[in-house]
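One-letter residues, chain by chain:
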Amino acid sequence: MTRRVVITGIGVRAPGSSGTKEFWDVLTTGRTATRRITFFDASPFRSRIAGEIDFDAAAEGFTPRETRRMDRATQFAVACTRDALADSGLDFGTLDPHRVGVALGSAVAAATSLENEYLVMSDAGREWLVDPAHLSPYMFDYLSPGVMPAEIAREVGAEGPVTLVSDGCTSGLDAVGYGVQLIREGSADTVLAGAADTPVSPIVVACFDAIKATTPRNDEPETASRPFDGTRNGFVLAEGAAMFVLEELEAARARGAYIYAEIGGYATRSNAYHMTGLKKDGREMAEAIRAALDEARLDRTTIDYVNAHGSGTKQNDRHETAAFKRSLGEHARAVPVSSIKSMVGHSLGAIGSIEIAASALAIRHNVVPPTANLRVPDPECDLDYVPLTAREQRVDTVLTVGSGFGGFQSAMVLHDPEVTSV
Amino acid sequence: MSSPRAVITGLGVLAPNGLGAEEYWKALLAGESGIAELSRFDTSGYPARLAGEIRDFDGAEHLPSRLMPQTDISTRYALVAADWALADAGIDAGAGIDDYDMGVITSTSQGGFDFTHREFHKLWSQGPEYVSVYESFAWFYAVNTGQISIRNGMRGPSAALVGEQAGGLDAIGHARRTVRRGTRVVLSGGVDSAFDPWGWSAQLAGGRVSTADDPERAYLPFDGAACGHVPGEGGAMLVVEDAESARERGAPRMYGEIAGYAATFDPAPGTGRPPGLRRAAELALADAQLTPSSIGAVFADAAGLPAFDAAEAQALREIFGPYGVPVTAPKALTGRMYAGGGPADIAAALFALRDRVVPATAHTTSVPDSYGLDLVLGEPRPVRADAVLVLARGRHGFNAAVVLTTV
């Protein structure tokens, strides 16, 4: 008998909100939370917009020692972990620590701290050699970020398998997929899974400037993220995190837990094509979708909502539309598809987990979040992208997908556990 | 229906003491060390100067010129090790394996750090317009998986894992899991390199690097005089394959089976709970359905600091009894290669199974009696064994264990 895995706790930090409830409020009202970069002087950069979070570590309950020790991305992940634990109602003190695991995703991990350290030790870029005496004692952890999942493990007392999944922009999907596999195979009974990234720093902005992947629509920061819109011209960089309590279904039922959704299927494929480019045909993402549906043993027509990657780059939205048509057939035209990146931006490795949270909440509330800022149709993107306004409808089964540098294409199927297989 | 068995059909190693799997193995048996003064930059102002550095390797001799400007040195190691592993396994475009049936799962703990240091320098000394168009992916931890996938047309389930020194074994464990879930071939392993001034300093900031200046006395695993480790670079890529698939296509060889794998995490300090290394080893043994008595040798994590060495020795004593199993640490000859260390140890362990000999732990001369450790010293030791255990630990509490058996 295959062990089934469900989400019983959610914690989210996304732009425009400071917790799960507010996050869902942003999504369902179609508000956008992207703005002009305030974290540093962005005037030398091509793209000067981001989804920033006004995160107050002290108000979040972090001690000064924790704030010193933990990188910003780690703080986000820990804050989400605390929320997810409280939300799950699970008393981790009663669990066997050996049976608790952690699967955290992050694309650029401690990038922001690395840059801060760089400025100190290089005298703001003047020196090539380094005086080790000027380095933070935490510098090793910024270089080699195993500390991120380690902090989550400490937070919940996990002594089972612990890992950092760093698959670029699909990390947030893949880390949760990894956690699901740990429970299914019996390596753990409970897993804290999710992702965090805090890339709003000069070096990361410069990276995406260099390849023109981010939008230069600097005069319209609130409407700059325009997935599937005919005028889209790049994504909006953002920061964020989401963490989940994953449990085995029967254990969750036995303790009377609220079950957001079952993670019925997950699959990832690679396009083996280009580190940053996408072919038009969406072949590999379509294959991942097919494999995820297959694992969930659900027919494609059961999908009520597709939570798209929808980054707002020219190539992505076209690629993804092709992948939906290829994998879902006629149903691609019937099912609502939307991108929450239109509202909270693209937080690289974190966004996959934030989108899982949105998918689980869509099932809980029977509401499909909209694609904000979608006003001008694109003939190449001709599906129902739920423009501007959220839609109330029955949502039992959601497909969420991600696509990232390195060629990663991932897909996950979440559903109400009462939805039975075909 | 039983799960497919995951075997290793190809090896590619780039280590400071040997380029190529067989060369690395020969160097281990001969006790040839790759540890010397770091030559990549002027280390005179740094408290530590010894490294396990790969010399005489030019990526341009092995890779297309278009890949050179877009790759960090660590990615060149990964790509070349992958090429060698695939060639060793007899897998090429004509092997008849579907592209979705080949995945790539790698580990790195440092990413493309030398590359990114240069881009940070350009950004802050010249301006954003000078940052390379390749920086967005040459730096991140998934780069090796992506580049290997592209170079070899592998479109199956792929991933990149980070767990400091334990991450390399986790990647191989995940490759095994992926094969068992139905993918025929997963190219897996890990490499690391961060020998630019910033990467070097960051490693020193970790506080565990030896500042000794005698290459033969700097990294002394399990020695009473252990004083830290020497950082190394490089690692290994392995072809992990469904045994049936390997037989079907007539794979040239099967080095061994990944019979068991487990990962655990240490409890928080101060809880009084025992560390997780012993449990990882025991879980891996249980996973392999083997008892400790069937293990012919242990390839230890070998941190090279007394507290960590004592903890590992204790775990081994508790599992195998005092002096209960031959233990070795080939990494004394290479330095710790972080994510590359575990996969290189697996390559060495597979050769040990093949040749029935365990390489010695170099440089260490005096193991405290209290360790109760049968550390292989001086000369390689013949063993009769059909199973070996490989251990790795990562900073902050990661533990991983792999059991390898003959096929």
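What you see is a predicted model, and the numbers here were worked out from it, not measured in a lab.

Caption draft 1: How the structure looks around the overall build of chain B. Each helix and strand in chain B was counted, giving 11 helices and 16 strands. By the compact-globule yardstick of 22 Å for 407 residues, chain B fits well, its C-alpha radius of gyration being 20 Å. Overall, chain B is about 60 × 55 × 45 Å in size when its C-alpha atoms are taken along their principal axes. Counting only residues that meet the buried cut, chain B has 65% of its 407 residues in that class.

Caption draft 2: View of the overall build of chain A. In terms of helices and strands, chain A carries 14 helices and 15 strands. Relative to a compact globule of 422 residues, whose C-alpha radius of gyration would be 22 Å, chain A shows 20 Å and is just as compact. With respect to the three principal axes, the spread of C-alpha positions in chain A is 65 × 55 × 40 Å.

Caption draft 3: Main features of the domain arrangement of chain B. Residues and elements named next belong to chain B. Along its sequence, chain B is organised into domain 1 (6-248) and domain 2 (261-405). For domain 1 versus domain 2, the distance between C-alpha centres works out to 21 Å. Among the elements of the structure, β1 (6-15), α1 (21-30), β4 (50-52), α6 (167-180), β7 (185-192) and β8 (234-242) are those that each provide at least two residues to the side of domain 1 that touches domain 2. When the residues that make up the side of domain 1 that touches domain 2 are grouped by side-chain class, the tally is 28 nonpolar, 23 polar and 10 charged.

Caption draft 4: Representation of the confidence of the model for chain B within the structure. Per-residue confidence for chain B gives a mean pLDDT of 97; residues scoring 70 or more make up 100%. Taken together, the chains of this predicted complex give a pTM of 0.98 and an interface ipTM of 0.98.

Caption draft 5: Up close: the interface of chain A and chain B. Chain A puts 68 residues into the contact, and the matching count from chain B is 69 residues. Of all the secondary structure elements, the ones that give two or more residues to the side of chain A that touches chain B are α4 (111-121), α5 (139-143), α6 (147-156), β5 (162-165), α7 (171-185), α8 (202-210), β9 (261-270) and α10 (283-296) of chain A. The dominant element in the side of chain A that touches chain B, judged by the number of residues it contributes, is α8 of chain A, at 7 residues. The class makeup of the residues in the side of chain A that touches chain B is 40 nonpolar, 18 polar and 10 charged. Inspection of the sheet shows β5 of chain A paired to strand β6 (residues 159-162) of chain B by 2 bridges, in the antiparallel sense.

Caption draft 6: Examining the nonpolar core more closely. Residue and element names in this part refer to chain B. Judged by nonpolar contacts, the single largest core of 294 residues is most densely connected at A81, A284, A347 and L404. Top element by residues in this core is helix α2 (residues 73-89). It accounts for 11 residues. There are two domains that each give this core at least three residues, and those are domain 1 (6-248) and domain 2 (261-405). Among all residues touching A347, those that are not within four sequence positions of it are L11, V13, A21, Y24, A236 and L238.

Caption draft 7: Layout of the sheet that holds strand β3 (residues 49-51) of chain A. Residue and element names in this part refer to chain A. Pairing is mixed in the open sheet, where 3 strands are placed in the order β2-β3-β7. Every interior strand has two partners, whereas the edge strands, β2 (35-36) and β7 (237-238), have only one. Relative to β3, β2 runs antiparallel, the two sharing 2 bridges. Opposite R36, over in β3, you have I49 as the bridge partner.

Caption draft 8: The arrangement of unusual backbone geometry in detail. Residue and element names in this part refer to chain B. A positive phi is found at E164, a non-glycine position, where the angle reads about 45°. Of note, E164 is situated in the loop between β6 and α6. For H363, which is not a glycine, the phi torsion comes out positive at approximately 70°. Mapped onto the elements, H363 comes out in the loop between β12 (357-358) and β13 (374-375). On the basis of neighbour counts, which here come to 23 C-beta atoms within 10 Å, the residue H363 falls in the buried class.

Caption draft 9: Structural view of the pairing of strand β4 (residues 100-105) of chain A. Residue and element names in this part refer to chain A. Most of β4 is tucked away: 6 of the 6 residues are buried. Side chains of β4 alternate between two faces, with V100, V102 and L104 and G101, A103 and G105 buried alike. As judged from the 6 bridges shared by β4 and strand β6 (residues 190-197), these two strands associate in the parallel manner. Note that in β6 the partner of L104 across the bridge is G194.

Caption draft 10: Structural view of the packing of helix α9 (residues 277-287) of chain B against helix α10 (residues 306-320) of chain B. Residue and element names in this part refer to chain B. Closest axis-to-axis distance for the α9/α10 pair is 9 Å, and the angle between their directions is 40°. In terms of orientation, α9 and α10 fall into the oblique class. Of the two possible hands of crossing, α9 and α10 adopt the one that is right-handed. When α9 is examined against α10, the residues L277, R278, A281 and E282 are found in contact with a partner set consisting of A311, E312, A315, E318 and I319.

Caption draft 11: The packing of helix α3 (residues 72-88) of chain A against α6 of chain A, seen in detail. All names here are of chain A. Running from N to C, α3 and α6 cross one another at 30°; their axes reach a closest spacing of 10 Å. Considering the angle they form, α3 stands roughly parallel to α6. Read as a crossing pair, α3 and α6 show a hand that is right-handed. Touching A73, T74, A77, V78, T81 and L85 of α3 are V147, M148, E151, I152, E155 and V156, all from α6. By residue class, the composition of the contact of α3 with α6 is 8 nonpolar, 2 polar and 2 charged.

Caption draft 12: Structural context of the pairing of β6 of chain B. Residues and elements named next belong to chain B. Residue alternation in β6 divides its side chains into two sets, A159 and L161 and A160 and V162, and both sets are buried. In the sheet, strand β5 (residues 102-107) pairs with β6 via 3 bridges, with the strands oriented parallel. Note on β6: the bridge partner recorded for I105 is A159.

Caption draft 13: Just the environment of I258 of chain B, in detail. Residue and element names in this part refer to chain B. Examined against the element boundaries, I258 turns out to sit in strand β9 (residues 256-265). Residue classification places I258 among the buried residues on the basis of 29 C-beta atoms within 10 Å. With sequence-adjacent residues up to four places away left out, I258 is seen in contact with A6, I8, I172, R176, V240, V402 and L404.

Caption draft 14: Representation of helix α11 (residues 314-328) of chain A. Residue and element names in this part refer to chain A. Taking 1.5 Å of rise per residue, 15 residues should cover 21 Å, and α11 covers 22 Å from first to last C-alpha, within 8% of that figure. Listed as buried for α11 are N316, D317, H319, E320, T321, A322, A323, F324, S327 and L328. Check the buried side of α11 and you find it contacts α10, β10 (305-307), α12 (331-334), β11 (337-338) and β14 (397-403). Positioned one or two residues after α11, G329 has a phi angle of 60°, which is positive.

Caption draft 15: A look at α10 of chain B. All names here are of chain B. Taking 1.5 Å per residue as the helical rise, α10 with its 15 residues ought to reach 21 Å, and the 20 Å between its terminal C-alpha atoms agrees with that figure. Buried within α10 are the following residues: F308, D309, E312, A313, A315, L316 and F320. Around the axis of α10, the buried residues are gathered within 155° of arc, so they sit on the same side. Of the surrounding elements, those touching the buried residues of α10 are α9, β10 (297-299) and β11 (326-328). The first or second residue beyond α10 is G321, which carries a positive phi of 85°.

Caption draft 16: Looking closely at the environment of H62 of chain B. Residue and element names in this part refer to chain B. Along the chain, H62 falls in the loop between β4 and α2. Each C-alpha atom of the pair H62 and L79 lies 9.0 Å from the other, and the pair is 17 residues apart in sequence. Contacts of H62, omitting those with residues within four sequence positions, involve V80 and D83.

What counts, and where the lines are drawn
Residues numbered from 1 in each chain as written. Chains lettered and ligands numbered in written order. Predicted model: local features only at pLDDT ≥ 70, side-chain atom pairs only at ≥ 80, totals over all residues. Helix = DSSP H or I, 4+ residues; strand = E, 2+ residues; numbered from the N terminus. Rg over C-alpha atoms; globule rule 2.2 N^0.38 Å. Buried ≥ 20, exposed ≤ 12 C-beta atoms within 10 Å, placed from the backbone. Domains from an automatic or database assignment. Nonpolar A, V, L, I, M, F, W, Y, C, P; charged D, E, K, R; others polar. pLDDT = per-residue confidence, 0-100. Contact = placed C-beta atoms within 7 Å. Pairing = 2+ DSSP bridges. Core = buried A, V, L, I, M, F, W, Y, C linked by C-beta atoms within 7 Å. Axes fitted to C-alpha atoms, helices over the stretch in contact; angles between N-to-C directions. Parallel < 35°, antiparallel > 145°, perpendicular 65-115°, else oblique. Left-handed = near helix turned anticlockwise from the far one by under 90°. Expected span 1.5 Å × (residues − 1). Arc of directions from axis to C-beta.

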